[in-house]
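An overview of the molecular structure
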Amino acid sequence: QVQLVESGGGLVQPGGSLRLSCAASGRIFRIIAMGWYSQAPGKQRELVATLTSGDNTNYADSVMGRFTISRNNANNTVYLQMNSLKPEDTAVYYCNTAIATVEGSRFVRRDYWGQGTQVTVSS
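Before going into details, it helps to say that this report is about the structure given with it. None of these values were measured; they are calculated from a predicted model.

**Quick word on the overall build of the protein chain**
Scanning the protein chain from N- to C-terminus turns up zero helices and eleven strands. Scanning the protein chain from its N terminus toward the C terminus, one meets helices and strands in the order β-β-β-β-β-β-β-β-β-β-β. Taken over the C-alpha trace, the protein chain has a radius of gyration of 15 Å; the compact-globule value for 123 residues is 14 Å, and the two agree within 12%. Across its three principal directions, the C-alpha atoms of the protein chain cover 55 × 25 × 25 Å. For the protein chain, with 123 residues in total, the buried portion stands at 40%. Sequence-distant contacts in the protein chain: of pairs separated by 6 or more residues, those separated by 24 or more amount to 56%. Accessible surface, the protein chain as shown: approximately 6800 Å² in total, 44% of it carbon and sulfur. Averaging the coordinates of the 11 positive side-chain charges in the protein chain and doing the same for the 8 negative ones gives two points 7 Å apart.

**Describing unusual backbone geometry**
Phi at Asp-55 takes a positive value of approximately 65°, unusual for a residue other than glycine. The topology assignment puts Asp-55 in the loop between β5 (46–52) and β6 (57–59).

**Let's talk about the sheet that holds strand β8 (residues 77–82)**
Sheet architecture is open: four strands sit in the order β1-β3-β8-β7, paired in antiparallel fashion. Pairing within the sheet leaves two strands with one partner each, and these edge strands are β1 (2–7) and β7 (67–72). Averaged over neighbouring strand pairs, the angle between their axes works out to 15° when direction is ignored. For β7 and β8, the ladder comprises six bridges, and the chain directions are antiparallel. When the bridges of β8 are listed, Ile-69 appears paired with Leu-80.

**Quick word on the pairing of strand β9 (residues 91–103)**
Every other side chain in a regular strand lies on the same face of the sheet, so the side chains alternate between the two faces. With eleven of its 13 residues buried, β9 lies for the most part within the structure. With nine bridges joining them, strand β4 (residues 30–39) and β9 adopt antiparallel strand pairing. If you follow Gln-39 over to β9, its bridge partner there is Val-92. Where β9 lies against strand β11 (residues 117–121), three bridges are found, and the strand directions are antiparallel. The partner of Ala-91 across the bridge, within β11, is Val-119.

**Some remarks on the environment of Phe-67**
Among the secondary structure elements, Phe-67 is positioned in strand β7. Taking the C-alpha atoms as reference points, Phe-67 and Leu-18, separated by 49 residues in sequence, lie 9.6 Å from one another. Not counting residues within four places of it along the chain, the set of residues in contact with Phe-67 comprises Val-48, Tyr-59, Leu-80, Gln-81, Met-82, Asn-83, Leu-85, Asp-89 and Tyr-93.

**Concerning the side chain of Thr-117**
Looking at where Thr-117 falls in the secondary structure, it is placed in strand β11. Beyond its immediate chain neighbours, meaning those up to four positions away, Thr-117 contacts Glu-6, Ser-7, Gly-8, Gly-9, Leu-20, Ala-91, Val-92 and Tyr-93.

Conventions we followed
Residues numbered from 1 in each chain as written. Predicted model: local features only at pLDDT ≥ 70, side-chain atom pairs only at ≥ 80, totals over all residues. Heavy atoms only, no water. Helix = DSSP H or I, 4+ residues; strand = E, 2+ residues; numbered from the N terminus. Rg over C-alpha atoms; globule rule 2.2 N^0.38 Å. Buried < 20%, exposed > 50% of the residue type's maximum accessible area, 1.4 Å probe, protein only. Contact = heavy atoms within 4.5 Å. Areas by Shrake-Rupley, 256 points an atom, 1.4 Å probe, with all protein chains shown as cover. Lys, Arg positive; Asp, Glu negative; His and termini not counted. Charge placed at Lys NZ, Arg CZ, Asp CG, Glu CD. Pairing = 2+ DSSP bridges. Axes fitted to C-alpha atoms, helices over the stretch in contact; angles between N-to-C directions.

Next up, the structure:
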């Protein structure tokens, strides 16, 4: 079983910063990609940023230039540095990890989600 443990959320004023962490553990052969998604109350879950095993990054237009996704390969941890936070960034942020694992004699892809961490931007 693969587990994702998230941390780093909290309450900050507009213009402030937060750093989210997501640590993956368990039966992992290779991490294919990791990413962050946000979900505000009453809204759909949306992609915020992704990072592939080749260190290719992708950002939502709304966070580009303010958020940075990074990864520590040694401990399978992905980070989301959030700067210049806005009230509209308020949401629950979820970590997603796509991994390659072995089932029988085959490599298969599996996706896992963290439990979410609350980010609230308010004065």
